[in-house]
Each structure stands twice: as structure tokens, then as C-alpha cells.
Amino acid sequence: MGARNRREPCRRCALPLSRSRFLQGSQDNVIQAFAFYLFATIVIASGALTIVSRNPVHSVLWLILAFFNAAGLMLLIGAEFIAMLLVIVYVGAVAVLFLFVVMMLDIDFAELRAGFTRYLPFGLLIAVVLLCEMIFAVGVWNFADIGPDTRMGTIDPDMPNIEAIGRALYDRYLLVFEGAGIVLLVAMVGAIVLTHRERGGVRPQNISKQIKRRPEDATRNTQPEVGKGVEL
Amino acid sequence: MTMLESLLVVLPELILTLGATDLLLVAAFSNKPDLGRRVSIYAVLMLIACGLALLGPAGNGGAVFGGLYYADAFSTFSKVLIYASAAIAILMAPRFFDRRGEMRPEYPILILLSALGMGFMVSSGDLMMLYIGLEMQSLAAYVLASFMRQDTRSAEAGLKYFVLGALASGILLYGVSLIYGFTGTTSYQGIGAAMASGLSMGELFGLVFVLAGLAFKISAVPFHMWTPDVYEGAPTPVTAFFATAPKIAAVALAIRVMFDALAPATDAWQQIVIFVALASIALGAVAAIGQSNVKRLLAYSSINNIGFALIGIAAGTQAGVAATLSYMAIYVVMTLGSFLCVLQMRDAQGRPVEDIASLAGLSKSQPALAAAFAIFMFSLAGIPPLLGFWGKFLVFDAAVAAGLFPLAVIGIALSVIGAYYYLRIIKTIYFDDAAAPYAPANSVVENGLIAVTAATVSPLGYLLVPFLALTAGNAAQALF
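A quick note: this is a predicted structure, and the numbers were derived from the prediction, not measured.

**Quick notes on the UniProt feature "transmembrane region" (unreviewed entry) in chain A**
Residue and element names in this part refer to chain A.
Phase 1 of the analysis: In this structure's numbering, the residues bearing the UniProt feature "transmembrane region" (unreviewed entry) are residues 30–52, 59–77, 83–107, 119–144 and 173–194.
Phase 2 of the analysis: Secondary structure across residues 30–52 divides into 100% helix and 0% strand, with the first and last C-alpha atoms of the span separated by 33 Å.
Phase 3 of the analysis: Regarding residues 59–77, the helix share stands at 95% and the strand share at 0%, and the terminal C-alpha atoms are separated by 27 Å.

This is the structure we're talking about:
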């Protein structure tokens, strides 16, 4: 995408995908552009702060802010459903889970950073290679003659977001979707196979045994004589 | 096509999905003794049912689900081999695991799920399907490699396989994303159409990355590093499984990608495949010489064999693809037979032994097993009267027919070097001073399987050659 968008940044919000129903007219375009730059700046800034902040808890909080503003960007291009998903799934579940994990795990960050200078040349080398590849990829992108219309996602512009996603997931790509479900099942089975242990000496609750138990099995009437105890 | 018809075409996958989930429930709630063996039997029955399902629309139903899934002669040929090797991998397991009380019902279930993923791989018509199938197969394989979790070598094998496999998946995905980005589609047909107008630099990059990812899965040089360690550390039945079913699936997948999606770029991938084939043959032949562990040796042998199989692909012709498919079929029988023999290597207490030196004197103590071992080794070496020769002959024939004389000449020279270490095993068995004898091989199932595979590989197997040539030819034709 890079080159094209960098040349005409204000078209960012007037791409064919943009179908925001509550912002129309020329003046609203200004508001849209303003909102875009606001969200985009915050996403980039909080993304950078996620990496550089020393306290991992702060990192996660910055990450949550980044997710939130990314949701705003999604809203701007008219992808309401994905925006909601970002807020509910990423902000609501994933990031909070991260936060718990980070707070619960006792990670010694000083130790993690110890190897930093030692591996720095190697890391820099890889970074340079990746950078060259990216420049290369962006460079050849313009030579490849493909417009947005040849790519996937040419759908009816009046179709609501959720319906379009649903059609792709449950109709066109049903088999892949179900396959992805089985991949998750395999992962779950694998995790249990590798970690589950039969532990002796525990007394788990046996619900069916509890339900089957009748009063006459559990209690008995005795009539001890005076001065004698109950035989148990 | 209605939904029902589409579902009939994916019937083997449906059977495996429902079967594996059912068996999971059985494994979770049943408390019968010897659950592992019971579940194993059901799993084998399910694989047989899948094989039978291929006789129906699942064998020739064509493209379904919008071209995501292909059921043609090619997928059927590969699936028969995959299901058969998965079934044998299940059958050979119980006695091996029983000794440590590790025959858990999850073993056959994970093999079933892995076979499911491999079915998706060989039937894929779309890069997304490719990735889902590959990942399903690999995830199950990572767990199987470390199935004996108390054993440090097994755990190490699983971890190593997982880390390197995840890296390979990443490389493959990067290639997939590049191809998608530059062609605008993930379907093989669409990619083929987009590349027909000329190969852009980005597409070439994507192609190289996809091939690198696939080369990892078939353990071709230079992406073979994981193979000896994983094969040595994983439990022997699992190693036998790794050396057969996933290799067929990955080779078939590579063929489908190269001849379906990347057909216009044949010149580009041909050079890569020629290099990878020769490097695999050379490394497999030379590095195996110093090995003293029989599983490590067979790991290098599998690298070597994959190199020969790739020669057929490098030819880039229909005859070449047919030769590769025949080669894989013969390779699977030889490899399963060899691993079944390795399973019989147990000392007097029943502990598995993997040292090649311990084979000495086997010809005296167990002549039948020694003969079977010798047949498999001669066949792997490609000595003429045995079936292994036929596979090599076919791929070299295809390479010569395609005009790749240097490739064929170097390949044949290297195969002579490779013969050395197979012959060394035979020399140890027949001519060395006897070592401590093994425990008697008394499992009916395993002895029967050894007899069947040995008979197939022996000159008797030539009776199968016309049938094999016909089916492999049909399978290759489905791609052209």
C-alpha cells in the first residue's frame, strides 16, 4: 500500500472502502481527516511507547491504547464490526489477559536484557537485511501492475460489514474456517497430552456417585443403651 | 453443486474429523483397561473406511468449495499412501509404548488428526487450505515427537521440531503473503493465471520462500538440520510415521503447488529443485557414513531418498511427476519395513536398542529378521533385483527424457556412494562377530507386517509395477 498512500494521504479516507454513513459532505471530510490523523498518531506513539517503556505493565497499558485507537481507524474506513471486535476481543480479553500474565509471572527483566549488547550486532544485521527487503518489496510494488480491484474484497458496497464477513467466512471459505477450528482442537489436545498428569492421593468430586447416594446408605438408626457409646 | 454433494467429496476428512473427536470422548470418559489398544483398533478401522470412501465421489469429485479442495486421481493416490502408512504407524505402536505404560489413547487420535491435515494438504487448491492442512499435520507431529514426555530425548526432539517447524511455517507464510500480495489471489488457478503474464520480482520472492518452507517439511537440504535429531529422539513408531506419511503429503503438496499454481514459473523453480535434489542426495549419502545409531542413519537415508524423489519433480514433465509418485510409494514400503525391523531390536530385557553394532550376529540368532533387514537395505541402496531399483530407474529415466543429463549422471554417482552405508549394515548383520542376541521377535502383527513389506520390496514386487505405473500415471495426468 505504502507508496500510493504516502503520495496522496488525504485520499486515505476517501478510498472506495470508506462508507461511513454518518460523515458526509466536504466539511465532514475535514473532520474525517482530522480524526484519522489523531487516531493514527496515537496508534504510532503508543506503539512506540509499548516497546520502549521499561515497566512491562506500562507496556501492556500502552498496547491497550494502541488497540483502542486502531479500532477508531477501523471505524473510519467503515469496518464497524472489526472495530467492535478489536475493542471487545483485543482490549477486553487479550490485553487484559496479557496484563494478568505479566503481573503474575516473575520475570527478571534485568536478566533478559543482559544479553542485549552481546547479540546487538547480530540483531542489527538482521534488522538491516529486513529493512533492505522491505525497501525492495515497496520498490517493486509499483512495477507490479495491480489495482485494488483485482484484489479480493470486491464486494457489494451496500452490504453491511457483518454480512460481508459472514459470507466470506461461512460460505466461500467454510472449509478453511472449519479446518482452523480443528487446528485449535489439535493444539488443545496436544497441550493436554504433554502436561496432564494422573495424580494419586487427590479426592476428586464424583457427581454421579453423590447423586446415587440414598439416605438409607448414609445413615442408620441406633439406640445405644444408657452409659454405652455408639459403635462406629 | 449442492452442499450434500460437496460433503460427499470431502467424506474421508469428515470420517476422520468425526472419528477423531468421537475417540477423544471415548478416551476421556471410558475407564476400560487397555484403552490405548482399543482406540488404536478403531482408529485403524477409520483409516480403512477413509480408504474405501476414496472409491466414491471422494476419489474423483473434482473441485468443491469454490476450488478450495480438489478430489482427483492425484489426491487419491497420495491419500491411499498416507492412510496406509498412518494405519501401520498405529499398528506398530502398542508393544513399543506398553513397556513403559505409555500407550495412551491420544497416540492413535493424534495420528488421525495428522492424517486429516495431510488429506487437506494433498487436496488443497488454495494457499489458505495449504497452510491449514500443513499446520494441522505439523501441530499433531510436534506433540507426537515428544509423546514419551518422561524421556528427555523425546522431549528434546519435540521442542526442536516445534521451534524449527514454527520458523519454517513463518517462512512459508511470508512467501504466501508475498504471492497473495503480488497476484491478488490465493487460489492456485488464479495464481497460475496471474503469473502467466510474466513473473514479477515479488512473485519470485514469494515462490522462493514458499519452496523453502516446503523444503523444510520434506527435510530437503539445506533445511534438513532438524531431521537426524528429531528422528533419533522421537519414539520409534513416531519416527516411522514421520519418515512416511508427512513426507508423501509434503511432496504431493509441493508437486501440486509447483505444477498447478507456479506452472508458468517452471524455469524459476526448476533450478531451485535441481540444487535441492542434488544437495539432499549428496548430504544424505555422505553424512550417513559416520552414524552409529540406526535411527539417525535412517534419517539421513530419508534425506537422501527425498533428493531422488525431487529429481522427478525437477524434470518438470508429466512422466517426472508419475516417477516421483511411484518413487514415494516404493520409498514408503521400504521405510516402513526398515522401521518395523528396527522395532524388533530389543535387548534381553525388552529395552529398545538403536546401536548398529548390536546388529552383529543377527543372521545366526534370527535368520528371518536378518534376511528382511538385508532385503530392505539392499532395496534402499537401489540394488537391481529389488523394488528400490525400479523407483530410482524411473526418476532417472524421467530426468534423462527431460534433457537433464548432468543431473542424472551426478545423481547416479552419488547413489553409488550412498549404497556404502546400507551395505555396511548388511555386513554387520552377516559377517561381524556376534553381539548379545535380541529378545525374540514374537509380535504376530509386526512379523506379519514385516513379511508383507519384505515381499513387496522383493523381486515379487515387480508384479505390482504395471499397476503402480498405471495409477501413478493417472495421478500425474490429473495435474496436466
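**A look at the pattern of salt bridges**
Residue and element names in this part refer to chain B.
Phase 1 of the analysis: A full pass over the atoms with the stated rule returns 15 salt bridges over all chains.
Phase 2 of the analysis: Two residues, Arg95 and Glu446, come together in a salt bridge whose shortest N-O distance is 3.0 Å. With Arg95 in helix H6 (residues 93–98) and Glu446 in helix H21 (residues 444–457), this pair connects stretches of sequence that are 351 residues apart.
Phase 3 of the analysis: A residue is classified by how much of its surface remains accessible, and Arg95, at 22% relative accessible area, is partly exposed.
Phase 4 of the analysis: When its relative accessible area of 3% is taken as the criterion, Glu446 is described as buried.
Phase 5 of the analysis: For Arg351, the salt bridge goes to Asp347, with nearest N and O atoms at 3.4 Å.
Phase 6 of the analysis: By relative accessible area, Arg351 is classed as partly exposed at 42%.
Phase 7 of the analysis: Salt bridges sharing common partners tie together Arg153, Glu156, Lys160, Asp229, Glu232, Lys295, Arg296 and Glu354.

**A look at the packing of helix H13 (residues 236–261) of chain B against helix H15 (residues 294–315) of chain B**
All names here are of chain B.
Phase 1 of the analysis: Taken N-terminus to C-terminus, the directions of H13 and H15 make an angle of 15°; their axes are 12 Å apart at the nearest point. On the basis of the axis angle, H13 is roughly parallel to H15. Crossing geometry of H13 relative to H15 is assigned as right-handed. In contact with Thr236, Thr239, Lys247, Val251, Ile255, Met258 and Phe259 of H13, H15 contributes Lys295, Ser302, Ile306 and Ile313.
Phase 2 of the analysis: Counted by class, the contact of H13 with H15 contains 6 nonpolar, 3 polar and 2 charged residues.

**Overview of the packing of aromatic side chains**
Geometrically, a pair of aromatic rings is defined through the distance of the ring centres and the angle of the planes.
All names here are of chain B.
Phase 1 of the analysis: In the structure shown here, the tally under the stated rule is 24 aromatic pairs over all chains.
Phase 2 of the analysis: Where Trp390 meets Phe393, the ring centres are 5.5 Å apart and the plane angle is 25°; that geometry is what we call stacked. Highlighted residues: Trp390 and Phe393, both in helix H19 (residues 387–401), separated by 3 residues, approximately one helical turn.
Phase 3 of the analysis: Among the aromatic residues, those joined into a cluster by ring pairs are Tyr142, Tyr161, Phe162, Phe216, Trp226, Tyr231, Phe241 and Phe242.

**Observations regarding the UniProt feature "domain: NADH:quinone oxidoreductase/Mrp antiporter transmembrane" (unreviewed entry) in chain B**
Phase 1 of the analysis: The positions that UniProt labels "domain: NADH:quinone oxidoreductase/Mrp antiporter transmembrane" (unreviewed entry) are, in the present scheme, residues 124–417 of chain B.
Phase 2 of the analysis: From the first C-alpha to the last, residues 124–417 of chain B spans 37 Å; its make-up is 77% helix and 0% strand.

**What to know about the environment of Gly233 of chain B**
Residue and element names in this part refer to chain B.
Phase 1 of the analysis: Within the element layout of this structure, Gly233 appears in helix H12 (residues 226–233).
Phase 2 of the analysis: Note on Gly233: relative accessible area 7%, which makes it buried.
Phase 3 of the analysis: What Gly233 contacts, discounting residues up to four positions off in sequence, is Asp151, Arg153, Ser154 and Ala157.

Here is what the cut-offs are and how they apply
- Residues numbered from 1 in each chain as written.
- Chains lettered and ligands numbered in written order.
- Predicted model: local features only at pLDDT ≥ 70, side-chain atom pairs only at ≥ 80, totals over all residues.
- Heavy atoms only, no water.
- UniProt positions renumbered as here; feature names shortened; annotations may be inferred.
- Helix = DSSP H or I, 4+ residues; strand = E, 2+ residues; numbered from the N terminus.
- Salt bridge = Lys/Arg side-chain N within 4 Å of Asp/Glu carboxyl O.
- Buried < 20%, exposed > 50% of the residue type's maximum accessible area, 1.4 Å probe, protein only.
- Axes fitted to C-alpha atoms, helices over the stretch in contact; angles between N-to-C directions.
- Parallel < 35°, antiparallel > 145°, perpendicular 65-115°, else oblique.
- Left-handed = near helix turned anticlockwise from the far one by under 90°.
- Contact = heavy atoms within 4.5 Å.
- Nonpolar A, V, L, I, M, F, W, Y, C, P; charged D, E, K, R; others polar.
- Phe/Tyr/Trp six-rings, centres within 6.5 Å; stacked < 30°, edge-to-face > 60°.

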